[in-house]
Structures are given as C-alpha cells and as structure tokens.
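# Observations on the three-dimensional arrangement
So you can see what is in the structure, the chains are spelled out below.
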Amino acid sequence: MKPSIILYKKLPDDLRSRLDEHFTVTEINNLNAETVAQHAEAFQQAEGILGSGGKVDGEFLKKAPKLRVASSVSVGYDNFDVDALNQRGVVLMHTPTVLTDTVADTMMALVLTAARRVVEVAERVKAGEWQGSIGADWFGVDVHHKKLGILGMGRIGLALAQRAHLGFNMPILYNARKQHSEAETRFDAQYCDLDTLLKESDFLCISLPLTDETHHLIGEAQLAKMKSSAILINAGRGPVVDEQALIAALKNGTIHAAGLDVFEVEPLPVSSELLTLPNVVALPHIGSATHETRYGMARDAVDNLIAALSGNVEKNCVNPQVLK
Ligand code: GLV
Ligand code: GLV
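Residues numbered from 1 in each chain as written. Chains lettered and ligands numbered in written order. Predicted model: local features only at pLDDT ≥ 70, side-chain atom pairs only at ≥ 80, totals over all residues. Heavy atoms only, no water.

By the naming in an unreviewed UniProt entry, the protein chain goes by Glyoxylate/hydroxypyruvate reductase B and is assigned to Duffyella gerundensis. Per its UniProt entry, the protein chain bears the Subunit (unreviewed entry) comment "Homodimer." (UniProt positions renumbered as here; feature names shortened; annotations may be inferred.)

In structure tokens form, the structure reads like this:
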C-alpha cells in the first residue's frame, strides 16, 4: 500500500503526477486549524506532508500521529517547531540550495531600487511629471564602491557578496555566527562584530533565519548606530527587525531608506505606516518568486519527501539525527 500524504500547495502537473505515483495524496489549500479539523481522518493516516506556510507544532503533531516526514517548499523553517518534531522523530526537509541565486538577485534589486529610488521616480514619470530637465529631487545615491554589510553569511549572503563585490566593486563587511573563509578568499569579505557592521555599512543587508536569537536583533539601539545615509535591506524574515523601531528610524532620519521583502505580519496590512513612507520599497515576499526557482523548489520538495520517506536524509534535511 502506498503511504498517505497531505499536500497543501498547488503543484505543477508533472510534479503532482510524480507524487501520485508514490503516495495516496490528499490535497488541501492551506495548512491551518480549520483544514486540519476538516480533514482529520487524512491527517490521522498521513505519513508525510508537503507544502509551505502553516504552523507545524506540538499541537499539530497530535493530529498527525503517523507523521514521519514534513517537506517544506522553502529554505526558512521558522514555522516548524523543530524541538517538537525531534521529540516525535519527524524528519524536516527543506529546499536550501535551489533558490540561492534568485534571492540574492532580489536583494541586489532592493539595493539598487532603494538607492536609485527606481519605484518612486518611475511613478513620477507615469504621472506625467517628467516635463523638463530633471533636478536633484529625482537623484538617488550611488551603489558601486559603497560598503555593503551582510548580516548572516549563509548561502544567500555569499551569493550577494559575489554580486556586490565582483559586479559593483563594493567592499564587503559581514557578521555571522562564524567566519566564512570562502567569502573572505573569493570576495574579500571582512568579518566584523555587529556594532562595526552597523556603524560602517552603507547598505546593511539582512539575510538571517528567524530564531529566538535573531528575533528583533535589529531594534532602536542598533538602528541608532547606523549611518544616517545608510539603507537597510531585509529579505530574510520580517521579525528579525523591530518594525516599529524601523518606521521611527525612517521617519526621523536615523537611516536614509529601506528595501523590504519581508515583514513582521504578512501580507503587510494596508494600514501599515511603512506604506506611507517615500523612502521605503516594499515587496510582497518575492525573494524566490520566479517561475524557474519556484518550480525548482517544488521539485526538490517532492524529491525530498520521496527520499526521506524511504529513509534517505543525506540532502536537504534539517534534523537528520532523528533517524539515527
Ligand atoms: C522563503 O521565504 C523561503 O524561506 O523559502
Ligand atoms: C547565518 O547565516 C549565520 O551564520 O549566522
């Protein structure tokens, strides 16, 4: 008998067929308390789940007593309680490699867009404001040769360092839990403490996962240490930055601008003050959202589920130790 799984994400037809070959699939739209209650019997039987979003914690695991593998279509897994999964012996798979370059592209796009005010001036052109020669009120600031600070030197941080250093002649500073020799040898990245990173960066690019340690890592005190000309870019997880403190810093000139792909609450509420600030570029969490990369993530998540349910957790596994 094929193992039963729950799918909570729309997949391309070929990937859906691949799942059907291996599993009995129950497809639902989202993973939340209502859908879990509606499909209680399917969750009772499920040995695997695959999708993105939702919250997988101890409460959820009680509803899925046979669960062996959770396969997330994402690199970030802050919506999973890994301790609870470990206690229950559930393997967590994710897609950390396929999206690296795409997310780094998004971060570079935010750097350029915020610095050159691309969105703001393009809107002025569309509004018919380009009538004579443009004045300084249309100008931005340079990106090339400025200091790019990277907070969190994982795969994405490294790909951003490559773009910034090789493409834009930017000196790279970084802070991470540990030094990264490849970033240092290939892209001349210099390790420094967080205070130095805050004080010296022209662009502070945050590429950290959300954990207890990184929650509100950047707040009022940290923003106060940044240059008033600095631009903050966040494409990791929203809650790494204290959003109220960021709004205050952007309003009172503590920092110059921000380019954000992630927020404390997503979708960003229409009432958010961030949306009223001209020095904010806000994107709808599209770091990995290209046709090619979203396909690749879904494909990897399907492969990960098939591999892990047959005991293979060599690749893309967050907690391989649970099978030991
Ligand atoms: C997107 O934010 C991801 O974690 O893949
Ligand atoms: C994450 O990228 C870290 O090393 O802190």
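We now examine the side chain of Thr-214. Of note, Thr-214 is situated in the loop between strand 9 (203-206) and helix 11 (220-224). Once residues lying within four places of it in the same chain are set aside, the contact partners of Thr-214 are Leu-208, Pro-209, Pro-239 and Val-240. (Helix = DSSP H or I, 4+ residues; strand = E, 2+ residues; numbered from the N terminus. Contact = heavy atoms within 4.5 Å.)

A word on the UniProt feature "active site" (unreviewed entry) in the protein chain. Those places that UniProt annotates as "active site" (unreviewed entry) correspond, in this numbering, to Arg-237, Glu-266 and His-285. Taken along the chain, the residues just named run across 49 residues; in space they keep tight, none of their C-alpha pairs more than 10.3 Å apart. Along the polypeptide, Glu-266 turns up in the loop between strand 11 (257-260) and strand 12 (280-282). Assessed through its relative accessible area of 37%, Glu-266 is described here as partly exposed. (Buried < 20%, exposed > 50% of the residue type's maximum accessible area, 1.4 Å probe, protein only.)

Leu-19, Leu-148, Met-153 and Phe-203 are the most contacted members of the largest nonpolar core, which totals 54 residues. Among the elements that line this core, the one with the most residues is helix 13 (residues 291-309), at 8 residues. The residues that make up this core include at least three from each of domain 1 (4-96 + 292-322) and domain 2 (99-282). Those residues in contact with Phe-203 that sit more than four places away from it in its chain are Val-111, Ala-115, Asp-142, Val-143, Lys-146, Lys-147, Leu-148, Gly-149, Met-170 and Ile-231. Counting 29 residues, the second largest nonpolar core, distinct from the first, contains Ile-255, Phe-263, Leu-274 and Leu-277. (Core = buried A, V, L, I, M, F, W, Y, C linked by side-chain atoms within 4.5 Å. Domains from an automatic or database assignment.)

A few words on the site of ligand 1. The full set of residues close to ligand 1 is Ser-74, Val-75, Gly-76, Leu-99, Arg-237, His-285 and Met-297. Residue Gly-76 places a main-chain N or O atom 2.7 Å away from an oxygen atom belonging to ligand 1. With respect to ligand 1, the side chain of His-285 contributes an N or O atom lying 2.6 Å from an oxygen atom. Protein contacts shield 85% of the accessible area of ligand 1, which totals 190 Å² for the unbound molecule. When its residues are assigned to classes, the shell around ligand 1 shows 3 nonpolar, 3 polar and 1 charged. (Near = heavy atom within 4 Å. Polar contact = N/O pair within 3.5 Å; in protein donor to acceptor, adjacent residues only side chain to side chain. Areas by Shrake-Rupley, 256 points an atom, 1.4 Å probe, with all protein chains shown as cover. Nonpolar A, V, L, I, M, F, W, Y, C, P; charged D, E, K, R; others polar.)

Turning our eyes to something else, we now look at a nonpolar patch on the surface. Nonpolar side chains collect at one region of the surface, where Val-125, Trp-130, Ile-134 and Phe-139 lie side by side and expose about 430 Å² of accessible area between them. Within the secondary structure, Phe-139 sits in the loop between helix 7 (118-126) and strand 6 (148-151). Judged by relative accessible area, which is 48%, Phe-139 ranks as partly exposed. (Patch = residues over 30% accessible without salt bridge, like charges linked within 9 Å, V, L, I, M, F, W, Y side chains within 5 Å. Salt bridge = Lys/Arg side-chain N within 4 Å of Asp/Glu carboxyl O.)

This part covers the confidence of the model for the protein chain. Any residue range with low pLDDT should be treated as having predicted coordinates unsuitable for detailed reading. Across the protein chain, the average pLDDT comes to 97, with 100% of residues at 70 or higher. Across the interface, the model reports ipTM at 0.64; the global pTM reads 0.95. (pLDDT = per-residue confidence, 0-100.)

Tallied over the full model, the rule gives 1 cavity of 30 Å³ or more. The wall of the largest cavity is formed by Asn-234, Gly-238, Val-241, Glu-243, Leu-246, Leu-260, Val-262 and Leu-274. (1 Å grid on protein atoms, 1.4 Å probe; cavity = no way out; pocket = protein on both sides within 12 Å on 5 of 7 lines; lining within 4 Å. Points joined across faces, edges and corners; volume = space filled by probe spheres on them.)

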